[in-house]
Amino acid sequence: MTNESPWELLLGNAGVLQAALTDAEPALADAGLTDVKAFFLLTSVEQHPGPADLARALMLPRPTVTFLVKRAEAAGHLKRLPVPGDLRRFQLKLTPRGRRAMNAGRDAVDQAFASYLGRLSSAEAATFRKLIRKLAGAGE
């Protein structure tokens, strides 16, 4: 048994995530995604099409999300659609180009994280997957 605190485990987990995302950055750039935030924006927009909801989901300030949305629109990854009955509001929708970029980004992040999972034995990787799903509330 280890004396490692939950905080230290959280930091270790965040470190692996950061390392995998850093490893994926060149492939994300090849997919037309300027940074990791742009990738997470595209992966989140379908579940959170409203800008304020998107900002909450991404844990980013609204001005940052506004900047990212404008950049994604300019790249052709997103389009704004009016909210019926409220001309002041809009929702975001992935364009076909945005979906391709998102999928390419997902592939890049998958490959980068797979290299870290490759450090585990098959049994360890299976246990890790099971534990992550359990911690995320997706069952055992």
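Residues numbered from 1 in each chain as written. Predicted model: local features only at pLDDT ≥ 70, side-chain atom pairs only at ≥ 80, totals over all residues. Heavy atoms only, no water.

Peer 1: Can you help me understand the side chain of Thr 95 in this one?
Peer 2: Within the secondary structure, Thr 95 is located in the loop between strand S2 (86–94) and helix H5 (96–117). A distance of 2.4 Å separates the side chain of Thr 95 from the backbone oxygen of Gly 76, its partner in a polar contact. Not counting residues within four places of it along the chain, the set of residues in contact with Thr 95 comprises Gly 76, His 77, Leu 78 and Lys 79. (Helix = DSSP H or I, 4+ residues; strand = E, 2+ residues; numbered from the N terminus. Polar contact = N/O pair within 3.5 Å; in protein donor to acceptor, adjacent residues only side chain to side chain. Contact = heavy atoms within 4.5 Å.)

Peer 1: How should I be thinking about the pairing of strand S1 (residues 78–83) in this particular structure?
Peer 2: The side chains of a regular strand alternate between both faces of the sheet. Examined bridge by bridge, S1 and S2 share 6 bridges and lie antiparallel to one another. Bridge assignment links Leu 78 to a residue of S2, and that residue is Leu 94. The loop that links S1 with its antiparallel partner S2 comprises 2 residues; one of these, Gly 85, has a positive phi angle of about 85°. (Pairing = 2+ DSSP bridges.)

Peer 1: What's the story with the pattern of salt bridges in this structure? I'm lost.
Peer 2: Close approach of charged atoms allows side chains with opposite charge to pair. Here the structure, examined in full by the defined rule, presents 5 salt bridges. Its salt-bridge partner being Arg 71, residue Asp 35 comes within 3.2 Å of it at the nearest N-O pair. In this pair, Asp 35 sits in the loop between helix H1 (6–30) and helix H2 (36–44) while Arg 71 sits in helix H4 (residues 62–74), placing the two residues 36 residues apart along the sequence. By relative accessible area, Asp 35 is classed as partly exposed at 25%. Classification of Arg 71 by relative accessible area gives partly exposed; the value is 29%. (Salt bridge = Lys/Arg side-chain N within 4 Å of Asp/Glu carboxyl O. Buried < 20%, exposed > 50% of the residue type's maximum accessible area, 1.4 Å probe, protein only.)

Peer 1: Help me understand the packing of H1 against H5 in this model?
Peer 2: Helix-helix packing: each pair is described by the crossing angle between the helix axes and the interaxial distance. Closest axis-to-axis distance for the H1/H5 pair is 8 Å, and the angle between their directions is 135°. Judged by the inter-axis angle, H1 sits oblique to H5. Here the hand of the crossing between H1 and H5 comes out right-handed. Of the residues in H5, those touching H1 at Val 16, Ala 19, Ala 20, Leu 21, Asp 23, Ala 24, Ala 27 and Leu 28 are Gly 105, Ala 108, Val 109, Ala 112, Phe 113 and Tyr 116. A per-class count over the contact of H1 with H5 returns 12 nonpolar, 1 polar and 1 charged. (Axes fitted to C-alpha atoms, helices over the stretch in contact; angles between N-to-C directions. Parallel < 35°, antiparallel > 145°, perpendicular 65-115°, else oblique. Left-handed = near helix turned anticlockwise from the far one by under 90°. Nonpolar A, V, L, I, M, F, W, Y, C, P; charged D, E, K, R; others polar.)

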